[in-house]
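# Structural description and commentary
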Amino acid sequence: MPIRPATPESITRAVALLRSGGVVALPTETVYGLGALVWDAAAVARIFEIKRRPAFDPLIVHIGDREALERVAARVPKAAETLIGRFWPGPLTIVLPKRPRVPALVTAGLSTVAVRMPSHPVARALLRGLGEPLAAPSANAFGGLSPTRAAHVAEALGANVDLILDGGATHYGIESTIVAVEPAPVLLRPGAVAAEEIEATIGPLARGAPPGPASAPGQLPVHYAPRTPLRVVDPAEVPPAERAAAGALAFHEPFEGYASVRVLSRRGDLREAAAAFFEALHELDALGLERIDAQPMEERGLGLAMMDRLRRAAAGH
Ligand code: TXA
Ligand code: MG
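What you see is a predicted model, and the numbers here were worked out from it, not measured in a lab.

### A word on the side chain of Thr177
Summarising the element assignment, Thr177 is placed in strand S9 (residues 177-180). Once residues within four sequence positions are removed from consideration, Thr177 is found in contact with Pro91, Leu92, Thr93, Leu187, Arg189, Pro190, Gly191, Ala192, Val193 and Ile198.

### Things to note about the pairing of strand S10 (residues 186-189)
Of the strand pairs in this sheet, S9 and S10 are connected by 3 bridges, and their pairing is antiparallel. Counterpart to Ala180 in the pairing with S10 is Val186. As paired elements, S10 and strand S11 (residues 206-207) share 2 bridges and run parallel to each other. Residue Leu187 lies in a different strand from S11, and its bridge partner there is Arg207.

### Details of the packing of aromatic side chains
Think of a pair of aromatic rings as described by two things: how far the centres are apart, and how the planes are tilted against each other in angle. By the definition in use, this model includes 2 aromatic pairs. For the pair Tyr224 and Phe278, a centre-to-centre distance of 6.2 Å together with 40° between the ring planes defines the contact as tilted. Of this pair, Tyr224 sits in the loop between S11 and strand S12 (230-232) while Phe278 sits in helix H9 (residues 270-285), placing them 54 residues apart in sequence. The pair formed by Tyr224 and Phe278 is uniform in burial state, with each residue classed as buried. Ring centres 5.1 Å apart and planes at 70° place the aromatic pair Phe277 and Phe278 in the edge-to-face group. Across this residue pair, the class does not change: Phe277 and Phe278 are buried.

### Here we look at the domain arrangement of the protein
Examined at the domain level, the protein breaks down into domain 1 (3-207) and domain 2 (230-315). Put simply, the middle of domain 1 and the middle of domain 2, counted by C-alpha atoms, are 27 Å apart. In this assembly, 22 residues from domain 1 lie in contact with 17 residues from domain 2. Surface buried jointly by domain 1 and domain 2 totals about 1500 Å² across both partners, of which 58% is contributed by carbon and sulfur atoms. Summed over the shared surface of domain 1 and domain 2, the number is 3 salt bridges. Taken together, domain 1 and domain 2 are joined by 6 residue pairs in polar contact (both at pLDDT 80 or more).

### Description of the pattern of salt bridges
Scanning all chains against the criterion turns up 23 salt bridges. With a closest N to O distance of 3.0 Å, Asp162 and Arg46 form a salt bridge. Here the residue Asp162 occupies a position in the loop between helix H7 (150-157) and strand S8 (163-166), and Arg46 occupies one in helix H2 (residues 41-51), the gap between them amounting to 116 residues. Its salt-bridge partner being Arg66, residue Glu70 comes within 3.1 Å of it at the nearest N-O pair. Note that Glu70 and Arg66 are positioned in helix H3 (residues 66-72) at a spacing of 4 residues, about one turn of the helix. A relative accessible area of 31% means that Arg66 is categorised as partly exposed. Connected through shared salt-bridge partners, Glu175, Asp308, Arg309 and Arg312 make up one network.

The rules behind the values
Residues numbered from 1 in each chain as written. Chains lettered and ligands numbered in written order. Predicted model: local features only at pLDDT ≥ 70, side-chain atom pairs only at ≥ 80, totals over all residues. Heavy atoms only, no water. Helix = DSSP H or I, 4+ residues; strand = E, 2+ residues; numbered from the N terminus. Contact = heavy atoms within 4.5 Å. Pairing = 2+ DSSP bridges. Phe/Tyr/Trp six-rings, centres within 6.5 Å; stacked < 30°, edge-to-face > 60°. Buried < 20%, exposed > 50% of the residue type's maximum accessible area, 1.4 Å probe, protein only. Domains from an automatic or database assignment. Buried area = accessible area lost by both parts, 1.4 Å probe. Salt bridge = Lys/Arg side-chain N within 4 Å of Asp/Glu carboxyl O. Polar contact = N/O pair within 3.5 Å; in protein donor to acceptor, adjacent residues only side chain to side chain.

Okay, structure coming up:
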């Protein structure tokens, strides 16, 4: 297994690998990413191969500083500047007009590029060492559960990755929020920054996809899916006889009679629940159960992002 604890030495090794066409998994504050040097189309192609990801699904470009933004984005509209000032570094991805030099494979042929500046110290150290932007989707097989630990990456992608930097469990546990700002602000994917916080900064966000062939990730109806069939249902309403062979993903209260129960946050905190969310799904999925019953959550704050992931996970079955 190519897992190594993230240290100055292993980060230096990761930079060398990336400079010579390698593909490296790294922790970010949201989920683990699978990175390649953005200018290296062959290395980026390997990301698509390793993830078995369709080429119509564009990647997020990660940058270490403001200067790197100018190298990938042709222009930064005023609303984007406001968001950058408020949320970067951090788990907000902004869709901007792209520079021609960004390979078409990175953006799936779109005229825009999705960019974020991660706050995770390991991601930052790696970007600083590399001195160039990194194209990086989440480090899971396409359509599967997102990785919040190095072991999740190893299990899903294993030997195909040149190096997995282990930085422990990720802080937010759910992907970045994605917004486009032109022609009007749109929420493309709910995520670790609550939509309400963004709206408090730049005003109302429309929901859904902008015009054009754009956006695909969370946009796909089936995504973020465990192998075990999952349904969104309040376990309280599931008859005891249907519980024994199933697992429950509960928001804050434990349920009786299930083969296994994961409670996301005993104090009912959406942020704490999000941090435990994919981890709990990975654990339940590993038990080989007949079914997972996921309790619906209120769609405010990070509850919006979790419900989005649960609906897409359920759509697969
Ligand atoms: O938190 C995150 O965002 C993680 C970490 C690793 O940074 N990354 C992540 O990447 O979730 P991924 O590939 O799983 O999801 C990225 C999604 C794509 O599926 C795509 O739909 C959207 O970002 N995206 C990328 N470029 C876009 C663009 N130009 N316009 C609209 N959406 C875009
Ligand atoms: Mg993903």
